[in-house]
Protein chains: 4
Amino acid sequence: MNLAERYRQVRARSESICQGLEAEDFVVQPVVDVSPPKWHLGHTTWFFETFVLLPHATDYRVFNQQYNFVFNSYYETVGARVVRTDRGNLSRPSVADVMAYRAHVDAAMHRFLTEESRFSDDLTNIVILGFHHEEQHQELLITDIKYILGHNPLLPAYPTDYSKPKVPTIAGEQWISQDEGIYPIGYAGNGFCFDNELGRHKVYLAPYRIRQQLVSNREYLDFIQAGGYQDFRYWHAEGWDWVKTRTIQAPMYWFLINGQWHHYTGQGLKPLPLDEPVAHVSYYEAWAYAQWRGLRLPTEAEWETAQDRLEWGSRWEWTESAYLPYPGFAKAEGAIGEYNGKFMVNQMVLRGASEATTPGHSRPTYRNFFHAPLRWQFTGIRLAQSLSSTPF
Amino acid sequence: MNLAERYRQVRARSESICQGLEAEDFVVQPVVDVSPPKWHLGHTTWFFETFVLLPHATDYRVFNQQYNFVFNSYYETVGARVVRTDRGNLSRPSVADVMAYRAHVDAAMHRFLTEESRFSDDLTNIVILGFHHEEQHQELLITDIKYILGHNPLLPAYPTDYSKPKVPTIAGEQWISQDEGIYPIGYAGNGFCFDNELGRHKVYLAPYRIRQQLVSNREYLDFIQAGGYQDFRYWHAEGWDWVKTRTIQAPMYWFLINGQWHHYTGQGLKPLPLDEPVAHVSYYEAWAYAQWRGLRLPTEAEWETAQDRLEWGSRWEWTESAYLPYPGFAKAEGAIGEYNGKFMVNQMVLRGASEATTPGHSRPTYRNFFHAPLRWQFTGIRLAQSLSSTPF
Amino acid sequence: MNLAERYRQVRARSESICQGLEAEDFVVQPVVDVSPPKWHLGHTTWFFETFVLLPHATDYRVFNQQYNFVFNSYYETVGARVVRTDRGNLSRPSVADVMAYRAHVDAAMHRFLTEESRFSDDLTNIVILGFHHEEQHQELLITDIKYILGHNPLLPAYPTDYSKPKVPTIAGEQWISQDEGIYPIGYAGNGFCFDNELGRHKVYLAPYRIRQQLVSNREYLDFIQAGGYQDFRYWHAEGWDWVKTRTIQAPMYWFLINGQWHHYTGQGLKPLPLDEPVAHVSYYEAWAYAQWRGLRLPTEAEWETAQDRLEWGSRWEWTESAYLPYPGFAKAEGAIGEYNGKFMVNQMVLRGASEATTPGHSRPTYRNFFHAPLRWQFTGIRLAQSLSSTPF
Amino acid sequence: MNLAERYRQVRARSESICQGLEAEDFVVQPVVDVSPPKWHLGHTTWFFETFVLLPHATDYRVFNQQYNFVFNSYYETVGARVVRTDRGNLSRPSVADVMAYRAHVDAAMHRFLTEESRFSDDLTNIVILGFHHEEQHQELLITDIKYILGHNPLLPAYPTDYSKPKVPTIAGEQWISQDEGIYPIGYAGNGFCFDNELGRHKVYLAPYRIRQQLVSNREYLDFIQAGGYQDFRYWHAEGWDWVKTRTIQAPMYWFLINGQWHHYTGQGLKPLPLDEPVAHVSYYEAWAYAQWRGLRLPTEAEWETAQDRLEWGSRWEWTESAYLPYPGFAKAEGAIGEYNGKFMVNQMVLRGASEATTPGHSRPTYRNFFHAPLRWQFTGIRLAQSLSSTPF
């Protein structure tokens, strides 16, 4: 597929995710981690304007000088930005303004991608990075919309009929065993990957087994009913503080109504489907669940080595690995270099993909990362266990 | 005018204030004191539904059971309410939903006010209280919209072509002198007034003079240029903390652009009109300004006694009086009794009216009140001075 | 009594209050309103050094240049000061250092007061202000020590055998009636008073009655047992928030142990003496109690007019008056002028005196003031009621 | 050395660290991470009382029932504890009380350790754990005392003449190269180690080099003078926020006085010794410094593999490794199991030892850990670099 056509498809999907929202839904930011949908739509547009059109397209006219201020996110290089906690206070630009901004940039990008005779590899790479960047925000659009409506007292339903993967049914468990050895980790192909996956390198793994299936709602409910949220022994010290000060008693979006567990979805409140993989748990909860089972979470190297035999793709899976640079990691120059490296502290790696991930966006080497208490993503749990190793 | 016609007019004005807003503007709550416009439109509707239709109208069907939760404000009697800091997180009910809610209640109120043969005085009083309640929210609509758009980096203009009083030009100053004596304070007529104005009572006033004109932008600018914001001697201790920690340097909505002072208005940024009364100052600023002048603010009794000789109506005027009950104050029974009395601590009285006040809403005995640091209302400054008294 | 002898007595009393404390008790600051005892001892010393010795005593040698930074409290004029929340972090100067500082200043003051041939009236007034200032800190020493030890889980007893007034026993109630009229308010004598009492002025009072006795623990217990802390109708809106967010259920220092109410005192935990006046209540609680009784608190003018027929002196009595300047109030020049005026916002007036007040320190015109939620002082409740007035 | 004699020595060293403090210095807690010295002295005593004497010593009489509440730290198993932010509010138990508590427990421990005929291995292990626990608090005593006095405006000197290692002079740099290979990590001997060092396991290391010397003050000063604290490119995103919101401009305890850098020490303020290893830097600063040099921090496995050729022992060295469990990690049963595992999230590993570490306390496999922004420990920087690896 050529760049222009791929551009068109990526951009269209972002808008299809928002189809059926009310204008008001595009505006609010109920917690700091959730951005208003119109911000996502503007920010991804700003990316193409700032990193492609402005430096490279002849005669490109900026849509609105002030949008750099409004839609910049974390790019210190590029200038002042709206602090994250203020995004939900901005009623303007309106949704219509943002859509006009998208149309303006889309027209210029179409011209640029179809009429320019030849791109440098660097430029092509930036355009492709823009696609993946927008796909990341597509997932955030889905999870942020769910948060905005799922924390509204009316708990409204909303359309979710964009392309997405099927969520598996979990029945029974199989375990995959892996021998000890040195295994390669990191991206090695010729396609796109993020800078944090690069620097393919060797890792020694002691023997372990890893479960083929994710943990189900049914299994997680056992933990709740066994008093898991009331027993500090299963929790990190700061996880326990989090449970106590926020009175956490179940995954996000779970509601106990007349003795029956429900969860909130795009169709509104529904009875909890017991055989689906548990979703919307924090790292603290994933770790506590594994402790309770006498098991542990896999490391990201264990996951990557075994991944072709695992059932994955419906939940981002918390791993036992902190988000740190691979041995050969080096930041790119300029603003693009701010993409990943500067977040490599105090976050945990998640592997896999989720039902909200744009199809084709993730990879076996993909490294997602979030802070331990966050759970508005479709996060789930996979179990692992160490096996006896040969003596050194 | 009969109740039904007055109802129609009051309700129409609220909507005319919001005409020309984008749907997005109805949603946000950039600070805790500012409510989303759609909340005001819903809350005033909820008032009529809850206190008139539900208890008194036969066959009234509640529009939506959950709206009591969403649109209740401070009425502890009536049930759970959305905490004020959460109002800006609610994208639903949408503006269209709120307008449908208004239409539903308006139709029922029309039927009720035209078809019911006879109202008790109590019921009539509640309906009239609803008019005044809605007028109060009309003023908040105006000031909250100004805040929402005046704190947006795009500083957009917006239509303000609803009925409103003229703002005077200030040129020169005249002082009114008042002899010592016992004067009556509080409401004495037969029309509507709030409970906090009742209990007409005697107050002894020592002789004083009070300025006929409000303080102008020009006069206030002198204070700024004389270093008023840099000299602790003019400020209350907590006013000085407020200035320091929030780096306050001018009234709200003032911008110094290339050495020229501007202010934000419904027409966008405009050069500061020097001869208009200063607006959007806190009690701390009003008090500091008076200190700097070697004068003081009037008490509410001084103001009320002299008001018929003052030029008032364009700015709420901070007084030197804390908001406390009049000697004979007694709360009404039930939810209506929560209207005023429970706020009688830690607030200052403002007298007069402002350019945002619904014409006819205020009275010489009207007691408005706000916390000392607030300034998103059209608040201004009037000066007074004690004169020599006869010995006791 | 001459100044030198009075100086000696005042200074000795401050130290006698602290007798029997451990060195450690002098250091901590468990909440922002409570200062470490050694800070009080140093700050009162700093007052004499800064306002008397440095400007007026020949050859006075500053004890330690850095103490100005450490022991300054609110005097912006005089230079940088330790923010109040940091006082409890300073282990140095040690208690011994502070005592050496006191001895150094006391010796210089003794020399100054006995050897100087003639003082200006201004200087005499500053020395006398220093006595009253130290007496105020004597009361704070008593209440801060009670807080420090009364919030320690060991609830230790401590010696309180310095001079202090007797706490009355309350049995029965008598009411004093006062006719309407114009009454004089404010200080009129030739002795010492604070600037906030000056400006004797006329006030019109409508007829009222006021109870001779304070409210007793027994009476307040009735309020608790009638569910007063669970019923929002008796509370200011912000009082109700205070009760809810801090789960207040009784006055400070009350403990319910095996169904029996106790209170913490210098003798440790003791059964609650039912016939003593209730102490350690906030303004919110005083007001709610009066609401529950269908009565109200007196204004400060009502109190002052009736005070010679009241039983007062064991509790600071919350009044229905905000702390505001008297009509003729004017700040003194210089740092002394920061004494009172800058606190005249958002505080309530308390009248009388308490068992912790230095004997002779208070007066019928004395105006004490605190923020509405504070209750670590010996604060109590007196009831009043409006009587029918003649028509205007 | 027998247990009783070792007990005596360990306990004596804790007290010798505090020799020369004023009683007041034992009380304060200027920030949440710093505990009052008397708390450390009490808490280490509580450990022996709770885990040795109470369960095992016949006829042991608890010194004071309430001390369990006061001196418990993180042990959820054992009952309520004083929240960390409250420790500095407690003036009692006094230093004398704590010393009496120590004497009481020391006498009972002496009897127990000398008279009991035979201990189980488990019991011996708990006693030895108590020694190491107390040694950890000895280091905290040293760093907390430095913080308490080094944040006092008087910057007092204090005695530090207990046994401690020599701080090296850094002149020149040598680099150690390490070939790729599988190396063993973790404790393998028969002596004492903490549970977090156990589970000796294999790690594959790519080739790297690591500097023999720590980074010196002189080298770090170059970073400051090159504008390192003003350039976001060297910092983690949250490190940059930390620098900005706390206006960090140099390591803790550095003061620029008349153009000359000083640092605070036990001898008071001293000119910065340029050839000593830099101390009191956060992980953010260590990482930013390495980024600026175009190098990186070593991982803990790289450090452990090369440690016998490194100059270490004067600074805790931030590594590029998050604090996570080793593959075979398992918590001990009961309260002792709370020792380390529950902290394994959101902290970074530090290796080595510092001038404040009790001699003999650390080991090549020792894993210390702190949160990224903390720097009141003697934390320093070692540099590493990846070398070209053989292809996979």
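Procedures and definitions
Residues numbered from 1 in each chain as written. Chains lettered and ligands numbered in written order. Predicted model: local features only at pLDDT ≥ 70, side-chain atom pairs only at ≥ 80, totals over all residues. Heavy atoms only, no water. Contact = heavy atoms within 4.5 Å. Buried area = accessible area lost by both parts, 1.4 Å probe. Salt bridge = Lys/Arg side-chain N within 4 Å of Asp/Glu carboxyl O. Polar contact = N/O pair within 3.5 Å; in protein donor to acceptor, adjacent residues only side chain to side chain. Helix = DSSP H or I, 4+ residues; strand = E, 2+ residues; numbered from the N terminus. Nonpolar A, V, L, I, M, F, W, Y, C, P; charged D, E, K, R; others polar. Buried < 20%, exposed > 50% of the residue type's maximum accessible area, 1.4 Å probe, protein only. UniProt positions renumbered as here; feature names shortened; annotations may be inferred. Pairing = 2+ DSSP bridges. Axes fitted to C-alpha atoms, helices over the stretch in contact; angles between N-to-C directions. Least-squares fit on C-alpha atoms with pLDDT ≥ 70 in both.

Which parts of the structure should I look at to understand the interface of chain C and chain D?
As a measure of interface size, the accessible area lost when the parts come together is often cited. Taken residue by residue, the interface counts 29 residues in chain C and 29 residues in chain D. Taken over both partners, the interface formed by chain C and chain D buries close to 2,400 Å², and the fraction arising from carbon and sulfur atoms is 58%. Taken together, the connections running from chain C to chain D amount to 2 salt bridges. The salt bridge involving R92 of chain D is made with D25 of chain C; its shortest N-O contact spans 2.6 Å. At the boundary of chain C and chain D, one finds 10 residue pairs in polar contact (both at pLDDT 80 or more). At the level of elements, α3 (67–71), α4 (95–115) and α5 (121–150) of chain C are the ones that each hand at least two residues to the side of chain C that touches chain D. The element that contributes the greatest number of residues to the side of chain C that touches chain D is α3 of chain C, accounting for 3 residues. Classifying every residue of the side of chain C that touches chain D gives 16 nonpolar, 8 polar and 5 charged.

What's the story with the pattern of salt bridges in this structure? I'm lost.
Here the idea is simple: oppositely charged side chains can pair when their charged atoms come close. Residue and element names in this part refer to chain A. Scanning the entire structure with this criterion turns up 88 salt bridges over all chains. Here R11 makes a salt bridge to E134, at a shortest N to O gap of 2.9 Å. On the criterion of sequence distance, the pair formed by R11 in helix α1 (residues 3–18) and E134 in helix α5 (residues 121–150) is long-range, its members being 123 residues apart. On the accessibility criterion, R11 (2% relative accessible area) is buried. Relative accessible area serves as the criterion here: at 0%, E134 is assigned to the buried category.

I'm lost on the UniProt feature "domain: Sulfatase-modifying factor enzyme-like" (unreviewed entry) in chain A in this one. Help?
Within the UniProt annotation, "domain: Sulfatase-modifying factor enzyme-like" (unreviewed entry) is assigned to residues 185–306 of chain A. Secondary structure content for residues 185–306 of chain A is 30% helix and 20% strand, while the C-alpha to C-alpha distance between its ends is 11 Å.

Help me understand the interface of chain C and chain B, please; the structure alone is not making it clear to me.
Tallying the contact residues gives 43 residues for chain C and 43 residues for chain B. Here chain C and chain B share an interface that buries about 3,300 Å² over both sides, 62% of which is from carbon and sulfur atoms. Counting every contact that joins chain C to chain B gives 2 salt bridges. Between K202 of chain B and E180 of chain C there is a salt bridge whose closest N-O contact spans 3.0 Å. With 4 residues, helix α8 (residues 283–293) of chain C is the single largest residue contributor to the side of chain C that touches chain B. Per-class residue counts for the side of chain C that touches chain B are 23 nonpolar, 10 polar and 10 charged.

So what exactly am I meant to see when it comes to the arrangement of the chains here?
Left apart from each other, chain A and chain C have a closest C-alpha approach of 14 Å. With respect to C-alpha atoms, chain B approaches chain D no nearer than 14 Å, and the pair has no contact.

I'm lost on the sheet that holds strand β4 (residues 208–211) of chain C in this one. Help?
Sheet strands line up and pair through hydrogen bonds in the backbone, either parallel or antiparallel. All names here are of chain C. Ordered by their spatial adjacency, 3 strands build an open sheet running β1-β4-β12, and the pairing between neighbours is antiparallel. The sheet terminates laterally at β1 (175–178) and β12 (384–386), the two strands that pair on one side only. For this sheet, the mean inter-axis angle between neighbouring strands, taken without regard to orientation, is 20 degrees. Both β1 and β4 contribute to a ladder of 4 bridges, which runs antiparallel. Note on β4: the bridge partner recorded for Q178 is Y208.

What's the story with the sheet that holds strand β4 (residues 208–211) of chain D in this structure? I'm lost.
Residue and element names in this part refer to chain D. Read across the open sheet, the 3 strands follow the order β1-β4-β12; overall the sheet is antiparallel. With one partner strand each, in any of the chains shown, β1 (175–178) and β12 (384–386) form the two edges of the open sheet. Put simply, the sheet's adjacent strands are angled 20 degrees from each other on average, direction ignored. In this sheet, β12 lies alongside β4 in antiparallel orientation, the contact comprising 3 bridges. When the sheet's bridge partners are listed, Y208 is paired in β12 with S386.

What's the story with the relation of the copies chain C and chain B in this structure? I'm lost.
The operation relating the two chain copies consists of a rotation about an axis and a shift along that axis. Mapping chain C onto chain B leaves a residual RMSD of 0.0 Å; the transformation is a rotation of 180 degrees accompanied by 0.0 Å of translation along its axis. One copy is carried onto the other by what is essentially a two-fold rotation axis. Interface overlap between copies is the fraction of interface residues in one copy that are interface residues in the other; for chain C against chain B it reaches 100%, indicating a shared surface.

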